[in-house]
Amino acid sequence: MSESSIKIENVVASTKLAEEFDLTVIESQFEGAEYNKQKFPGLVYRVSDPKAAFLVFTSGKVVCTGAKNVADVHTVIGNMARKLNSIGIKTIENPQITVQNIVASADLHTILNLNAIAIGLGLENIEYEPEQFPGLVYRIDEPKVVVLIFSSGKLVVTGGKSPEDCERGVEVVRQQLDNMGLL
């Protein structure tokens, strides 16, 4: 993938670390943890190195967001489990971690005519209303991702379950624009 290799901006993943959590206990033991049941049903906890944020729920489920790659997700979830164990909260060993969404960016390094692209791609998979949003929204079936295409040549890919999904989404866009003579 020559010029368009992607940059992962965010990985969102979920897992179940326990059968249940007492969030007030975690809040009292984890410095910087925020839990306000009236505002949000989960506890928010941010970590650095690698940087990520957790949403922790009483159900034992945990959502990790903000990581820049899938390996970091596994690292921070492992760290979180160890930290919970260190305050006496037993966690599930080797929890199943599911990547829910990857957001990535790419650059085609060329100015794009979004009106021509909207016509060329056909109306069934695109949304383009420049008065509302400056990008063209392109829904791809395989891989199942959404690509935001901007006139600057910049792309944002969302909905991927793997970095490869995001790469393939960029490649689909590149190929189709090339086939239409718009690159």
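For clarity, every value in this text was computed on a predicted model and none was experimentally measured. (Residues numbered from 1 in each chain as written. Predicted model: local features only at pLDDT ≥ 70, side-chain atom pairs only at ≥ 80, totals over all residues. Heavy atoms only, no water.)

### Focus: the overall build of the protein
Spelled out, the test is: We count a stretch as a helix when DSSP gives it H or I for four or more residues in a row; a strand needs E for two or more, and each element gets its number in order from the N terminus. Note on method: radius of gyration uses C-alpha positions; expected globular size equals 2.2 Å times residues raised to 0.38. Type-normalised accessible area, obtained with a 1.4 Å probe on protein chains alone, sets the label of each residue: buried when under 20%, exposed when over 50%, and partly exposed for intermediate values. Contacts are assigned to residue pairs that have any heavy atoms within 4.5 Å of one another. Note that accessible areas follow from Shrake-Rupley with a 1.4 Å probe, and for residues the cover is restricted to the protein chains shown.
If you tally the helices and strands in the protein, you get four helices and 10 strands. Going from the N terminus to the C terminus, the protein shows its helices and strands as β-α-β-β-β-β-α-β-α-β-β-β-β-α. Compactness check: the protein gives a C-alpha radius of gyration of 20 Å against a globular reference of 16 Å for 183 residues, more than 25% above the reference. Along the longest, intermediate and shortest principal axes, the C-alpha atoms of the protein span 60 × 35 × 25 Å. Relative to its 183 residues, the protein shows a buried fraction of 43%. Of all intrachain contacts in the protein linking residues separated by at least 6 positions in sequence, the fraction that spans at least 24 positions is 61%. Surface exposure of the protein reaches about 10,100 Å², of which carbon and sulfur atoms provide 50%.

### Concerning the packing of aromatic side chains
Note the threshold: Here the aromatic set is Phe, Tyr and Trp, taking the six-membered ring for Trp, and pairing holds for ring centres within 6.5 Å; pairs whose planes are under 30 degrees apart are stacked, those over 60 apart are edge-to-face, and all others are tilted. Whether a charge sits over a ring comes down to the Lys NZ or Arg CZ being within 6 Å of the ring centre and within 35 degrees of the ring normal.
One pass over the full model with this rule turns up three aromatic pairs. Pairing Phe 30 with Tyr 45 gives two aromatic rings, centres 4.9 Å apart and planes at 50°, and the pair type is tilted. Of this pair, Phe 30 sits in the loop between helix H1 (23-29) and strand E2 (34-35) while Tyr 45 sits in strand E3 (residues 43-47); the two residues are 15 residues apart in sequence, bridging distant segments of the chain. Like Phe 30, the residue Tyr 45 is buried in the burial classification. Seen from the ring of Phe 30, Lys 83 lies directly overhead, with NZ or CZ sitting 4.8 Å from the centre.

### Remarks on the domain arrangement of the protein
Size of an interface: often given as the accessible area lost when the parts come together. Quick note on the threshold: The split of the chain into domains comes from an automatic or database domain assignment. Throughout this description, the term salt bridge denotes a Lys or Arg side-chain nitrogen within 4 Å of a carboxyl oxygen of Asp or Glu.
Per the domain assignment, the segments of the protein are domain 1 (5-98) and domain 2 (107-178). Once you take the C-alpha centre of each, domain 1 and domain 2 turn out to be 32 Å apart. Listed as interface residues are four residues of domain 1 and, on the opposing side, four residues of domain 2. Put simply, domain 1 and domain 2 have zero salt bridges between them.

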